[in-house]
Amino acid sequence: MKPLITTLVLLLPFFLVAQNDYWQQEVHYRIDVTLNDLNHTLEGEIGMTYFNHSPDELDTIYLHLWANAFRDQRTAFAKQQLQQGEQAFYFAEPEALGYYSGLAFQVNGQPASWALHRQHPDIAFLLLRTPLRSGDSLRISTPFTLNIPASFSRLGHVEESYQMTQWYPKPAVYDETGWHPMPYLDLGEFYSEFGSYEVSITLPENYVVGATGVLQTESERMFLKKKVSETNDYLSRGVERSYQDEEPFPPSSERLKTIRYTAERVHDFAWFADKRFKVQRSMAVLPGGRRVDTWVMFTKYEEHLWQEAIHFVDRSLRFYSETAGLYPYPQATAVQSALSAGSGMEYPMITVIGPAGTAKALDEVINHEVGHNWFYGVLAFNERRHPWMDEGLTTYYEQRYMQRYYEEDILEDYLPDFLLGQSEMSLEELAYLYQARRHRDQAPDTPSAEFSQLNYFLGAYQKPAVAFRYLEAYVGKTALDAAMQNFYRQWQFRHPCPADLRRALENDLDKNLGWLFEGLLSSNEKMDYAVKGMKNVDNGFQVTVKNQGSIAAPFALSGMRDGEIATTRWYEGFTGKQALSFPTGDYDAIVLDARRLAPELYRQNNRIRSGGLFPRVEKPLISVLPSLENDRRSQLYALPLPAWNNYDKTMLGAVLYNTLVPAKRFEFSLAPLYSFGSRELTGLGELAYHWYLNTEAVQSLTLGLSARSFHFDQNETFDYRRRYTRLMPYLEVELGREAAHPFHHRLQWRSLWIAEEQAQFTDANFNGLRTEEQLIHELSYTGENRRAINPFTFRTALEQQSYTDISGDQHYLKASLEWNQSLTYKEHKNIDIRLFAGGFLINTKREGGSLFPGAFNLISQGFNDYRYDDLYFGRTENEGLWSQQVSLRDGAFKTPLGSAFGLGRSNNFILALNLKADLPQNLPFPLPIKPYFDIGFFDNAQPTGQDDSFQDQLLWSGGLAIDFLDGAFGVYFPFFNSRNLQNRLEERGNYWSRISFNIDFHRLNPFEVIRNIEF
Ligand SMILES: [Zn+2]
């Protein structure tokens, strides 16, 4: 193996013109491999010539062995899969894993001393006997056998379809900040040295291969030519919509072929092999007449879309060459193949594309991945450290391409009309505001591994694309294109960092871009200008604008007439408040950022109208169905709400609320109901004010008030209904967390003021209702780890109540801990273990029996829900269907006993264990049937010496549950019970009276569901 002198000469000029002592390393590869498609291995040899252009002497060379990421559960990739909620790799069969064997590194022909990184088996280092001096080179070589993993991320195979990416050992980057070894990640890309490749692949003759580089084997060119003509024939007969997933593989030829590729000025090499590939070929003519060979390769799956794909590749090459700079490579290929990381993935000169769904989506993903040849391929950023540079810039150009060739708004593709309402919000804006309003977004310039999944999409792709589109609006498309092309020319085949981009743009555009690079890209500070007032002055208007955000970005004011922009003027950014002059004209409103280009946090304060009662917004809009926020109007939603309980009977009303998504600081939802049974007003509601702090310790604070009032008892004999009313002020502290980590926790204080009507009797004569009040205080700490395997939640609480009974003032302080642990024993199959322990630290009625306030319950039902935490259809029923509703609180038994039997209640302590399991196999019908078993002990704390026996205080019960939405709704069929339970159940009646159900309205509440979505 010897270095390719021609490539060296080609690369030399770039090093010579480098300014500021810029240098970069260089690697020339020669790889010879043979694919064995019976046992899915790749066997061969790699030789690399490594050039040290740095001023430093190197005694260690770091190497990436990224295929080792798939070797076990301890790799960074394996851990990230779990953080992302992916279980497939965790439960992978041994033969689906991927790893190297047979590595024996040599340096300059001598066995080298080398080792794997202690923490990351996908990083190795070579210790050099003789340090590599500045300006010198050395040869590293090794044989290797790669066990190709199943498709979990990028590298892999699906049967005999091969995706050979990140597949060979390669040096990490050494640059002016030192070595950059990095473990393979799914969410998080790469950083590699430029150089050249000479790759020979031996495999069965009937494989079609797409690869980085230029094919050097004449017989293979003929083979592809034949494939192209077969494909053209096939397509000319017309193809139908095809989502046929299981296209069979033709048997592999017994004869092997060896095909050879060379590639220059690239930093990676990928190839894809599939015997089923259809092939199309074209030629893209770039501005200036340069011609590029283009290829697409695809299987039957979505072939009706792929028949257009060659055109998408050609058009994309032309588009980026016009806008960003000339495509420097001789060919470009798009292949359709398995990919378990995103919808497409870029490699130099070749991109792999997964299922797309529509021709438009296919065009978009091909354009995006082809575009990475510029922003990743030629401008080789450190993607792991600055993922926004390749993804953000590519997305900016890709969106320009989509705007040029397609018209519709993307949001319309996803949302029904009613939800869109009159909002002009885009899907990207909605996603941004969903996070940013709650201050949960992260700076785009965040290392990949520190992003949460949604924030990776927002930070690396969306926000930088918005920022560059905004810069384009500010400086003009021509000026920005020219500046970007200069940057491209200056930095091509090198490793620019954000500071290099900033310097290049600031020089060319002659602007200070601190607001862009420091504000929008390197922080999660927010942009929020507000138009505060306007008045007529001599030669136009004076518009007062206040910066309520923390980025002093330039902005545009537009004079609007009949909803159209009449005049626009740009202003330099500032902090604080300024009065700005705006040219005269006949406008009905002045709007800041009328084209919706800036990442503005609140838009309703962006406009001012020249007349009307409400200068800021038009009349509030009342609508029945929820819709997205409207810039021009404050909205109120009123959704009809029917309800029912056994005492109020049918209730009808509406839920009125001011927002669903994105979040506002003040939110309310009120549901007043008219009861046809009691002919009175009932209902429930909640008000909340949020402070989104996003500090390390505290993510947000919420001060809220919830209220509910319903009847809970009806007496036919004396013709009265009893009502309860509960008011609950609360303060919730969402504690700080690392965005990428799935652990959430919060502290909550709440006070419950409860008024219950009690019937008064004098000598068995009903004497009217009297209201009794209770005041309960509770402090709780809740934690939740939403990881993919063995997730858990816990809640610990302290509760205090003081009250007066016949014997005087009483009080208690009780503590409880609930732990819910899932054990994931198989993909998407869990055994759920719940532990509950509760005891009274102080109780003046400890030995007073179970009737005193605050008792713990092994069975939670309406009659003992003294905090009125749950909603019941028949809160005080002792028989019939409504007495069979239970809540999974405290002991969480599912046995419906009703208040007639106070079994399982304690004023001292209780302990409970609840088990529930997914069946290992799916049933032939889609019912989530799960066996369950509950066991619990309650101390019935009789006065000293009179305790019941242990057995009397021990309950157990087991059966089958039909359990939906992770336990939010369930029906329970008991099969066996402890004697004490069984006796009471038999007194209750037949088997049907022993079945119970539970509905957790809190977890089914759409407001809660939306607020708790985390990505
Ligand atoms: Zn991308």
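No experiment lies behind these values; they were computed from the predicted model shown. (Residues numbered from 1 in each chain as written. Predicted model: local features only at pLDDT ≥ 70, side-chain atom pairs only at ≥ 80, totals over all residues. Heavy atoms only, no water.)

Caption draft 1: Structural detail: the environment of Phe223. For Phe223, the location among the structural elements is in helix H3 (residues 218-236). Linking Phe223 and Asn907, residues 684 residues apart in sequence, is a C-alpha distance of 84 Å. (Helix = DSSP H or I, 4+ residues; strand = E, 2+ residues; numbered from the N terminus.)

Caption draft 2: Highlighting the environment of Ser161. Along the chain, Ser161 turns up in strand E11 (residues 161-164). Put simply, Ser161 and Phe272 are 111 residues apart on the chain and 7.7 Å apart in space, counted from C-alpha to C-alpha. Those residues in contact with Ser161, other than ones at most four positions away along the chain, are Gly156, Phe249, Ala273, Asp274, Arg276 and Ser337. Side chain to side chain, Ser161 and Asp274 meet in a polar contact 3.1 Å long. (Contact = heavy atoms within 4.5 Å. Polar contact = N/O pair within 3.5 Å; in protein donor to acceptor, adjacent residues only side chain to side chain.)

Caption draft 3: Representation of the nonpolar core within the structure. Core analysis: the largest hydrophobic core is formed by 172 residues, its most contacted members being Trp167, Trp271, Leu471, Leu505 and Leu557. Each residue touching Leu471, except ones within four places of it in the same chain, is listed here: Gly476, Leu480, Leu505, Leu509, Leu513, Trp515 and Leu516. Phe712, Ile754, Phe938 and Leu981 belong to the second largest nonpolar core, which has 30 residues in total. (Core = buried A, V, L, I, M, F, W, Y, C linked by side-chain atoms within 4.5 Å. Buried < 20%, exposed > 50% of the residue type's maximum accessible area, 1.4 Å probe, protein only.)

Caption draft 4: View of the coordination of the zinc ion. Around the zinc ion, the protein contributes the donor atoms His368 (NE2), His372 (NE2), Glu391 (OE) and Glu391 (OE), at 1.9 to 2.8 Å from the metal centre. Note that the zinc ion binds four donor atoms; their angles at the metal cover 51 to 153°, and the shape is irregular. Between consecutive donors of the zinc ion, the numbers of intervening residues give the motif H-x3-H-x18-E. Here Glu391 lies in helix H8 (residues 387-405) and His372 lies in the loop between helix H6 (359-371) and helix H7 (373-378), a separation of 19 residues in the sequence. (Donors = N, O, S within 2.8 Å, 3.2 Å for Na, K, Ca; no water. Tetrahedral: all angles 85-135°; square planar, octahedral: opposite > 155°, others 65-115°.)

Caption draft 5: Quick peek at the side chain of Gln87. Looking at the element boundaries, Gln87 is found in the loop between helix H2 (76-83) and strand E4 (99-101). Separated by 2.8 Å, the side chain of Gln87 and the backbone oxygen of Ala788 make a polar contact. Beyond its immediate sequence surroundings of up to four residues, Gln87 is in contact with Ala788, Ile789, Thr824, Lys826, Glu827 and His828.

Caption draft 6: Region of the structure containing the packing of aromatic side chains. Under the criterion given, the structure shown has 86 aromatic pairs. Arranged with centres 4.4 Å apart and planes meeting at 45°, the rings of Tyr529 and Phe555 form a pair that is tilted. Residue Tyr529 is found in strand E25 (residues 529-537), and its partner Phe555 is found in strand E27 (residues 555-561); the two are separated by 26 residues along the sequence. Of the two residues, Tyr529 and Phe555, neither departs from the other in class, the shared state being buried. Centre to centre, the rings of Phe582 and Tyr587 are 5.6 Å apart; their planes meet at 65°, and the pair counts as edge-to-face. Note that Lys257 overlies the ring of Phe223, its terminal NZ or CZ placed 3.8 Å from the centroid. (Phe/Tyr/Trp six-rings, centres within 6.5 Å; stacked < 30°, edge-to-face > 60°. Lys NZ or Arg CZ within 6 Å of the ring centre and 35° of its normal.)

Caption draft 7: Examining unusual backbone geometry more closely. Non-glycine residue Glu159 carries a positive phi angle of around 50°. Position of Glu159 among the secondary structure elements: in the loop between strand E10 (156-158) and E11. Residue Glu159 is classed as exposed on the basis of its relative accessible area of 54%. At His439, a residue that is not glycine, the phi angle is positive and equals roughly 60°. Along the chain, the position of His439 falls in the loop between helix H11 (427-436) and helix H12 (453-475).

Caption draft 8: Region of the structure containing the sheet that holds strand E29 (residues 576-583). Spatially, E25-E26-E29 is the arrangement adopted by the three strands of the open sheet, whose pairing is antiparallel. In this open sheet, the two edge strands, each paired with only one partner strand, are E25 and E29. With direction set aside, neighbouring strand axes in the sheet form an average angle of 25°. Pairing of E25 with strand E26 (residues 540-547) involves eight bridges; the strand directions are antiparallel. The partner of Met534 across the bridge, within E26, is Val543. (Pairing = 2+ DSSP bridges. Axes fitted to C-alpha atoms, helices over the stretch in contact; angles between N-to-C directions.)

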